[in-house]
Amino acid sequence: MTLSIYTNINSLTAQNNLSKSQSALSEATQRLSSGLKINSATDNAAGYAISTNFTTQIGGLGQASSNASDAINLAQTTQSALSQVTANLQAIRDLAVQSANGSYTNADRTSIDTEVQQRLSEITRIANQTDFNGQKVLDGSLGNLSFQVGANVGQTISVNVSQGVKTSQIGAIAEVSSGAIPAAAFTASSGSVTGSAAADVTGTPYTFSVDGHSVTTAAADTSAALLQTDVQNQLNASAPGAYTVSNTAGKFTITNNATGTASTAPVISGTGTTNFVGAAPVSVAGAANSLGSEGLSVNGTAINLSGVTNVQGLSDAVNAANISGVTAAVNAAGTGINFYSSDATKGLTITDTGAQVVTAAATNGNGGAYTVGTKAAVGGSLATGTVGTVDGANDLISRIDVALNTVSNLNSTLGAVQNRFQSTISTLGSQQNNLASSQSTIRDADFAAETANLSKANILQQAGISVLAQANSAPQQVLKLLQ
């Protein structure tokens, strides 16, 4: 090796290695002091970019989880208020059922209605005053809410809370009042048997039967009037009110008083039959009541009115048809029925070819005239509900049922979406943890490795300084050559 003064290769080499060890020492010191493997983009440009993106996503996921928690709190606030609305609706319904009972006077109903009105007002107050973070949640003003439940644009959950629960917003039904149904619609002609000849009133006792009810005349029945009275009394004893015995010009007629279905003529038999009605009596069977062929249908479903003999039976027949959303009740006067429908699509469409049920006096829920075959639309609300009359109580019961269904559906929606938000929070937490784990792998310092690097760098630096000192003293050997 050349021995020179101007160029000390060993010193330069030692300086270069010392610079490297100083850089490694500085890097290890920085990583250990910060706890990070990447402290700037110069440490690892790609890793720095990925780590920064992870930081963005982790922060967004954390805020999204907080957003979902806020949404749950909003839903719970709304549900708490809805539980009170439901309790008031149930209480109002109970009061309406009580008011519809015939044992109460109008004064009683007025007293009951006082509480009903207070509870209706309370429902509206709850709807107007329940809010979350300054937003009214039950008056229908929120509409469709979108909750950000992800770190990126478009990762949302939408909840429709446009349904308000003020009394003016719930309880819409369609209603038709039939008007007074003529009594003749329920009355069938009575069947009868009329004698073909004057009855035997010689005072000789004889026996016969009427539809199996035994009759025995007495020797004292010496006139048509006495004979008529005797037979009537015996029939009344065995079948009270079922038969009427009449006498015209000595010819007796026995009438079957049954109504509501086709009334058959009484069957008279026995050895004494000819003594009472002659050898060839005239039998006439009564016609069935006219409702049997009425042709009544509601929302396309035919109503079977065969055998219906009164207004209550007519109401029962409508309810027995099980038409979706449709019910019927006898009106307060007991002369007709009120039809109710909660079907918002179909409303109430009633056809009546016989025109005896839905009369010319029929009205819709607005009090206007109802025309057979047209649609009475769903409308109205609880706001005008009252139980001051039986008709009002029945109307309110129908509206309350619709309102309860509306509130229940809203409650169910909120309950379901809470479960969805809980699931979202769990998912977000898992994503956040996984991203943090990946970020840690890229960014966080491995203290075991870095302490080893620090020790190594320290030793190399000390060794480098020592070697550099020796390398710098090498040119002094030239002085010995010059001695």
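For the structure, see preceding data.
Rules and cut-offs
Residues numbered from 1 in each chain as written. Predicted model: local features only at pLDDT ≥ 70, side-chain atom pairs only at ≥ 80, totals over all residues. Heavy atoms only, no water. Salt bridge = Lys/Arg side-chain N within 4 Å of Asp/Glu carboxyl O. Helix = DSSP H or I, 4+ residues; strand = E, 2+ residues; numbered from the N terminus. Buried < 20%, exposed > 50% of the residue type's maximum accessible area, 1.4 Å probe, protein only. Pairing = 2+ DSSP bridges. Axes fitted to C-alpha atoms, helices over the stretch in contact; angles between N-to-C directions. Contact = heavy atoms within 4.5 Å. 1 Å grid on protein atoms, 1.4 Å probe; cavity = no way out; pocket = protein on both sides within 12 Å on 5 of 7 lines; lining within 4 Å. Points joined across faces, edges and corners; volume = space filled by probe spheres on them. Nonpolar A, V, L, I, M, F, W, Y, C, P; charged D, E, K, R; others polar.

### Remarks on the pattern of salt bridges
Tallied over the full model, the rule gives 5 salt bridges. We note a salt bridge from Glu 115 to Arg 119, for which the minimum N-O separation is 3.1 Å. You can see Glu 115 and its partner Arg 119 sitting in helix α3 (residues 106–129), 4 residues apart, about one turn around the helix. Relative accessible area serves as the criterion here: at 36%, Glu 115 is assigned to the partly exposed category.

### Remarks on the sheet that holds strand β5 (residues 174–177)
Strands belonging to one sheet form pairs held by backbone hydrogen bonds; the direction of such a pair is parallel or antiparallel. Within the open sheet, the 4 strands sit side by side as β15-β16-β5-β18. Their pairing is antiparallel. The open sheet terminates on both sides in strands that have one partner only, identified here as β15 (326–330) and β18 (363–364). Where β5 lies against strand β16 (residues 337–341), 4 bridges are found, and the strand directions are antiparallel. The residue of β16 that forms the bridge with Glu 175 is Tyr 340.

### Some thoughts on the sheet that holds strand β10 (residues 251–256)
If you walk across this open sheet you meet the 4 strands as β9-β10-β6-β12, and the pairing is antiparallel. Each edge of the sheet is formed by a strand with only one pairing partner; in this case those strands are β9 (243–248) and β12 (282–284). Strand after strand, the sheet turns through a mean of 15 degrees between neighbouring axes, direction not considered. Two elements, strand β6 (residues 192–194) and β12, share 3 bridges in a ladder whose sense is antiparallel. The partner of Thr 194 across the bridge, within β12, is Val 282. Taken strand by strand, helix α4 (residues 224–238) contacts β9 and β10, and its axis lies near 175 degrees from that of β9.

### Examining empty space enclosed by the protein
Counted according to the given criterion, the structure contains 1 cavity of 30 Å³ or more. Approximately 40 Å³ is the volume attributed to the largest cavity. Along the walls of the largest cavity sit Ala 71, Leu 74, Ala 75, Leu 145, Phe 147, Val 159, Val 161, Leu 414, Val 417 and Phe 421, which together make up its complete lining. Listed by contribution, the elements that provide at least two residues to the lining of the largest cavity are α2 (45–99), β3 (143–148), β4 (156–161) and α7 (390–443). By residue class, the composition of the lining of the largest cavity is 10 nonpolar, no polar and no charged.

### Points about the pairing of strand β8 (residues 213–216)
Both strand β7 (residues 207–210) and β8 contribute to a ladder of 4 bridges, which runs antiparallel. Looking at β8, one finds that Phe 208 is bridged to Val 215. Between the antiparallel neighbours β7 and β8 lie 2 residues, among them Asp 211 with a positive phi of about 50 degrees.

The quantities given are spatial measurements derived from coordinates; they are silent on function.
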